[in-house]
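Listed below are the residues making up each chain.
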Amino acid sequence: GAVVSQHPSWVICKSGTSVKIECRSLDFQATTMFWYRQFPKQSLMLMATSNEGSKATYEQGVEKDKFLINHASLTLSTLTVTSAHPEDSSFYICSAREGSLNTQYFGPGTRLTVL
Amino acid sequence: GQQLNQSPQSMFIQEGEDVSMNCTSSSIFNTWLWYKQDPGEGPVLLIALYKAGELTSNGRLTAQFGITRKDSFLNISASIPSDVGIYFCAGRGIQGAQKLVFGQGTRLTINP
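Read on for an overview of the structure. This is a predicted model, so every value here is computed, not measured.

1. Some points on the interface of chain A and chain B
- Each side of the interface is counted separately: chain A has 24 residues, and chain B has 22 residues.
- When chain A packs against chain B, close to 1,700 Å² is buried across both sides, 52% of that on carbon and sulfur atoms.
- Three residues stand out in chain A for area buried against chain B, namely Ser43, Asn102 and Phe106 of chain A, and they jointly supply 30% of the buried area on that side.
- As a salt-bridge pair, Glu59 of chain A and Lys99 of chain B come within 3.2 Å of each other at their nearest N and O atoms.
- Linking chain A with chain B are 7 residue pairs in polar contact (both at pLDDT 80 or more), by the criterion used here.
- For the side of chain A that touches chain B, the elements supplying multiple residues, two or more each, are β4 (30-38), β5 (44-51), β9 (90-98) and β10 (104-106) of chain A.
- Tallied by class, the residues present in the side of chain A that touches chain B amount to 10 nonpolar, 11 polar and 3 charged.

2. Digging into the sheet that holds strand β7 (residues 61-65) of chain B
Residue and element names in this part refer to chain B.
- Across the sheet, 5 strands lie side by side as β1-β3-β8-β7-β6; this open sheet has antiparallel pairing. Where the open sheet ends on each side, the last strands, each with one partner, are β1 (5-7) and β6 (55-58). Strand-to-strand twist across the sheet, computed as the mean angle between neighbouring axes with direction ignored, equals 15 degrees.
- Across 6 bridges, strand β3 (residues 19-24) lies against strand β8 (residues 71-76) in antiparallel orientation.

3. Things to note about the pairing of β6 of chain B
Residue and element names in this part refer to chain B.
- Summarising the sheet, β6 and β7 pair through 4 bridges and their orientation is antiparallel. Along β7, the bridge assignment pairs Leu55 with Gln64.
- What sits between the antiparallel neighbours β6 and β7 is a turn of 2 residues, in which Gly59 has the positive phi angle 65 degrees.

Basis of the calculations
Residues numbered from 1 in each chain as written. Chains lettered and ligands numbered in written order. Predicted model: local features only at pLDDT ≥ 70, side-chain atom pairs only at ≥ 80, totals over all residues. Heavy atoms only, no water. Contact = heavy atoms within 4.5 Å. Buried area = accessible area lost by both parts, 1.4 Å probe. Salt bridge = Lys/Arg side-chain N within 4 Å of Asp/Glu carboxyl O. Polar contact = N/O pair within 3.5 Å; in protein donor to acceptor, adjacent residues only side chain to side chain. Helix = DSSP H or I, 4+ residues; strand = E, 2+ residues; numbered from the N terminus. Nonpolar A, V, L, I, M, F, W, Y, C, P; charged D, E, K, R; others polar. Pairing = 2+ DSSP bridges. Axes fitted to C-alpha atoms, helices over the stretch in contact; angles between N-to-C directions.

Have a look at this one:
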């Protein structure tokens with residue numbers, strides 16, 4: 001199947017700093033990318049949907065100024081957690097949808113720990 | 001947000017047994033996807049279903065897109081230890097809808 005990479009796989013940062021997570025589709029063009037957050041023993045919670053070249057659409061309750069999403073190309077999307085706080089600690093997973101099919105592939109996730 | 005009703009929430013079985021889990025929805029879906037997630041990793045796509053009634057296999061896994069388009073099941077035959085993990089169903093609704101709706105997950109534990 002198609003491959004989606006995420007970098008970094010884990011990050012530890014101090015409270016108040018910003019963290020950028022990259023998501024890349026390696027062997028296909030992703031017309032749409034998604035960012036999810038997952039708490040322990042829970043399902044995936046969609047944070048935002050981004051289409052290449054346009055502004056991301058955020059889910060209700062997700063602060064767009066705190067979670068900045070950039071989808072600059074058909075193979076790269078970034079999520080920046082600004083002014084991170086301990087409550088932002090979580091597992092963040094990106095996903096990419098292949099344009100020709102109704103199929104969605106996930107990255108390996110990024111574990112964010114804010115001290 | 002909207003969720004699919006996935007059951008069972010957890011299963012404890014013996015190695016070699018068959019496994020069955022399902023998802024139901026109150027609304028119609030055009031796509032059903034089944035994923036497996038191991039601890040600390042992202043979900044991995046197992047099977048994708050695009051047509052009502054479609055029955056698709058991937059090795060020991062078989063999934064079906066319900067005729068009513070409101071349900072799907074996943075079966076695993078002759079379970080092995082590496083089948084342990086959390087299985088999620090996901091569906092996409094009306095034509096052109098972008099968002100996937102996820103089930104709550106089924107946690108599978110296998111006793112050797």
